[in-house]
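Listed here are the chains, written in short residue letters.
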Amino acid sequence: LKRVAQLAPAPCRWNSGLPMNIGVLFVPQQEAWVVERMGKFHRILEPGLNFLIPLLDRIRYVQSLKEIVINVPEQSAVTLDNVTLQIDGVLYLRVMDPYKASYGVEDPEYAVTQLAQTTMRSELGKLSLDRVFRERESLNASIVDAINQASDCWGIRCLRYEIKDIHVPPRVKESMQMQVEAERRKRATVLESEGTRESAINVAEGQKQAQILASEAQKAEQINKAAGREANAMLVKARAKAEAIQLLAAALAQQHGNAAASLSVAEQYVNAFSKIAKDSNTVLLPANTGDVTNMVAQALGIYTTLTKPQAVKTQEEIPPAHEDSHSPATEVLKAEQGSSS
């Protein structure tokens, strides 16, 4: 049995066969040939031309330095919420140290594949079903870190790990589909209600703005109309007052105009005094309420004081005339005194 084991071909790592030592060897690019001299590690041949001693040197391992793709078989794993999944993946490796890859482990491919499967099961046991689909990238990164920590002594580095397919049990798949449909119906209902609310808000805002603009327009229109009416009324009143003043001035300028004005002031004063107690309960009376002649004399004195400049000017323009002791104003005063007594 020992003799058969010695005659058996040496294991080849990711290569179909071992080259024979003929003394002069050409090593291809991106390959590393491990040479043993008399059964002991001698050196690693670099790409290009190399010379070996026949019979003493032997090519024991051929390592490929290219990136190697390994298909991880499908496996079952249980999530944190007790859901059984069937997951397979793809592993990308590269030999970094040909010596460690040759003498560190017997079968690197099988070792890395088993390590990837066990790491996958342990990482899936930490996640729930929903998080498995959302955190595939973090799951891949965790598996790569775990493989690199274990394969450092093998001279192999894991570059990437990708999950190809995740198979869910049929009943769980139906429940997920129902959940997705319910979620989509919920989102559709929410979006429809939000659209209805936005539409109602927009309509209310439009009506509000329309009412505000209409009220402002009506207010401006009323202001303009009122301003126009008041302006016209003020103009009419001013014109009427001006004409009245002109007519009054013309009447005063005539003969016996001052006497007529004195009579009018006296009548207004007497009428105003007779209406004092009719408008309110509070009455202000002068000290001499029974002396009507004195009150009329005061009213005529006020009028005379106000019209004195005009009388002086009139006397300068008109020659003086003989005073008539029986003027109309004097007769009116005497008649009023008689009636009052």
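Residues numbered from 1 in each chain as written. Predicted model: local features only at pLDDT ≥ 70, side-chain atom pairs only at ≥ 80, totals over all residues. Heavy atoms only, no water.

Per an unreviewed UniProt entry, the protein goes by the name Stomatin-like protein 2, mitochondrial and belongs to Poecile atricapillus. A UniProt comment under Subcellular location (unreviewed entry) is attached to the protein, and it reads "Mitochondrion inner membrane". As recorded by UniProt, the Sequence similarities (unreviewed entry) comment attached to the protein reads in full: "Belongs to the band 7/mec-2 family." (UniProt positions renumbered as here; feature names shortened; annotations may be inferred.)

Asks: An account of the nonpolar core is requested, with residue identities and associated values reported.
Replies: Counting 31 residues, the largest nonpolar core has Leu-91, Leu-93, Met-120, Ile-147 and Tyr-161 as its most contacted members. Contributing elements (two or more residues each) for this core: strand S6 (67-78), strand S7 (84-95), helix H3 (108-124), helix H4 (129-134), helix H5 (136-150) and strand S8 (156-167). In terms of residues, this core owes the most to one element, H3, which gives 6 residues. (Core = buried A, V, L, I, M, F, W, Y, C linked by side-chain atoms within 4.5 Å. Buried < 20%, exposed > 50% of the residue type's maximum accessible area, 1.4 Å probe, protein only. Helix = DSSP H or I, 4+ residues; strand = E, 2+ residues; numbered from the N terminus.)

Asks: Tell me about the side chain of Gln-117, residues and numbers included.
Replies: Note that Gln-117 resides in helix H3. Judged by its relative accessible area of 10%, Gln-117 is buried. Excluding residues within four positions of it along the chain, Gln-117 makes contact with Val-72, Pro-73 and Gln-75. (Contact = heavy atoms within 4.5 Å.)

Asks: Tell me about the packing of aromatic side chains, and name the residues and values.
Replies: For the structure shown, the criterion picks out 4 aromatic pairs. Measuring from ring centre to ring centre gives 4.8 Å for Phe-41 and Tyr-99, while their planes differ by 65 degrees; the resulting arrangement is edge-to-face. Taken together, the positions of Phe-41 in strand S3 (residues 40-45) and Tyr-99 in helix H2 (residues 98-103) put the pair 58 residues apart, joining distant regions of the chain. Note on Tyr-61 and Tyr-103: the rings are 5.4 Å apart at their centroids and 85 degrees apart in plane angle, and the pair reads as edge-to-face. (Phe/Tyr/Trp six-rings, centres within 6.5 Å; stacked < 30°, edge-to-face > 60°.)

Asks: Quick rundown of the confidence of the model for the protein? Include the residues and the values.
Replies: Confidence along the protein averages 77 in pLDDT terms, with 74% of residues attaining 70 or more. Residue range residues 320-330 is modelled with pLDDT below 50. Its contacts to residues more than four positions away, or to other chains, number 3 contacts. (pLDDT = per-residue confidence, 0-100.)

Asks: Outline the sheet that holds S8, supporting the account with residue identities and numerical values.
Replies: The strand order across the open sheet formed by 3 strands is S6-S7-S8, and the pairing between neighbours is antiparallel. At either margin of the open sheet sits one strand with a lone partner, and together these are S6 and S8. Between one strand axis and the next, the sheet turns by 20 degrees as a mean value, whatever way the strands run. Looking at chain direction, S7 and S8 are connected through 10 bridges and run antiparallel. (Pairing = 2+ DSSP bridges. Axes fitted to C-alpha atoms, helices over the stretch in contact; angles between N-to-C directions.)

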